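# Survey of secondary and tertiary structure
This is what each chain is made of:
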Amino acid sequence: MSDRMKDKIIVITGAARGIGYSLAEVFGREGGKVIILDLFQEAVDNAVYQLKQKGYSADGYAVNITDSQVVETVITQIITNYERIDVLINNAGITKDNLILRMKEEEWDAVINVNLKGAFICTQKVSRYMLKQKSGSIINMASVIGVMGNAGQANYAASKGGLIALTKSCAKEFGSRQIRVNAVAPGFIQTEMTTHLPADVVAKYAEAIPLNKMGTPEDVANACLFLASKEAEYITGQTILVDGGLFM
Ligand code: NAI
């Protein structure tokens, strides 16, 4: 165990599985207290249990990040328990892919609500305390799709592009209080979702990637760790692409 996040309180949304869980592992390994926010109590409890089994400090709450009142209650509870929040990672995200002509308004609204409005709500509730602390790091999980666009993912691309613009605006608004706001834009990452893809499909995707392979959740977590660390104390408003060179 290292100590780059020693004594830091780190809130991560959507951390019961996938990239978010990997973030919790990496920040936990670095000595941070990780607090998981995700939809279902059982999944949250399970993730917290797994992290504690590894010797990391962890806590968690069942929260739908689109419900601003619940988010407010939970963030207040976290402040009551831990007195501060040093890092917020807005990681929770969903997809509801469809071509524009077939896309239902509900599909559009659901993706924008979770990916973009959810990040706004969490940022608003947490930044209130970070502004008082005069310190903090906020990291938004965007996507290379938010930079490149993608057929069949207009809602997702718009949400992630919006997240990059939100990142820059927050960086400008909070900068004078030494709160840094950055984004990470992963490319094609190996998660449960992608492990079931046929080998020839994966090989085809890999061909378009200069590093010729998919990334891992830990690759994404390492970029977030850097952005949250002291080594990045003069970096704000930026988006780091973790995509093996797919977009350049
Ligand atoms: P995932 O689907 O495995 O995990 C997402 C987590 O967010 C789940 O635990 C889910 O329960 C939670 N969540 C969803 N809606 C929520 C809500 N309203 N409130 C609270 N929690 C909620 O996804 P994955 O692959 O780990 O992705 C994490 C983030 O990384 C997402 O924002 C995604 O858009 C982004 N990303 C993922 C890529 C990939 O290749 N897997 C590539 C680029 C970006």
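### Thoughts on the environment of Ala92
- Along the chain, Ala92 falls in the loop between strand 4 (87-90) and helix 4 (105-133).
- Given a relative accessible area of 18%, Ala92 falls into the buried group.
- Residues Ala92 and Thr216 lie 124 residues apart in sequence; the distance between their C-alpha atoms is 17 Å.

### What to know about the pattern of salt bridges
- Counted under the stated rule, the structure contains eight salt bridges.
- In this structure, Lys54 engages Glu25 in a salt bridge whose closest nitrogen and oxygen atoms are separated by 2.4 Å. Taken together, the positions of Lys54 in the loop between helix 2 (41-53) and strand 3 (57-62) and Glu25 in helix 1 (residues 18-29) put the pair 29 residues apart, joining distant regions of the chain.
- Owing to a relative accessible area of 44%, Lys54 belongs among the partly exposed residues under this scheme.

### Digging into the site of the ligand
- Around the ligand, the surrounding shell holds 24 residues, and the nearest of these are Arg17, Ile19, Asp38, Asn91 and Tyr156.
- Between the ligand and Ile19 there is a distance of 2.8 Å, counted from an oxygen atom to a backbone nitrogen or oxygen.
- Lys160 is positioned such that a nitrogen or oxygen atom in its side chain is 2.9 Å from an oxygen atom of the ligand.
- Here the ligand has 840 Å² of accessible area as a free molecule, and 89% of this is covered by the chains.

What counts as what
- Residues numbered from 1 in each chain as written.
- Predicted model: local features only at pLDDT ≥ 70, side-chain atom pairs only at ≥ 80, totals over all residues.
- Heavy atoms only, no water.
- Helix = DSSP H or I, 4+ residues; strand = E, 2+ residues; numbered from the N terminus.
- Buried < 20%, exposed > 50% of the residue type's maximum accessible area, 1.4 Å probe, protein only.
- Salt bridge = Lys/Arg side-chain N within 4 Å of Asp/Glu carboxyl O.
- Near = heavy atom within 4 Å.
- Polar contact = N/O pair within 3.5 Å; in protein donor to acceptor, adjacent residues only side chain to side chain.
- Areas by Shrake-Rupley, 256 points an atom, 1.4 Å probe, with all protein chains shown as cover.

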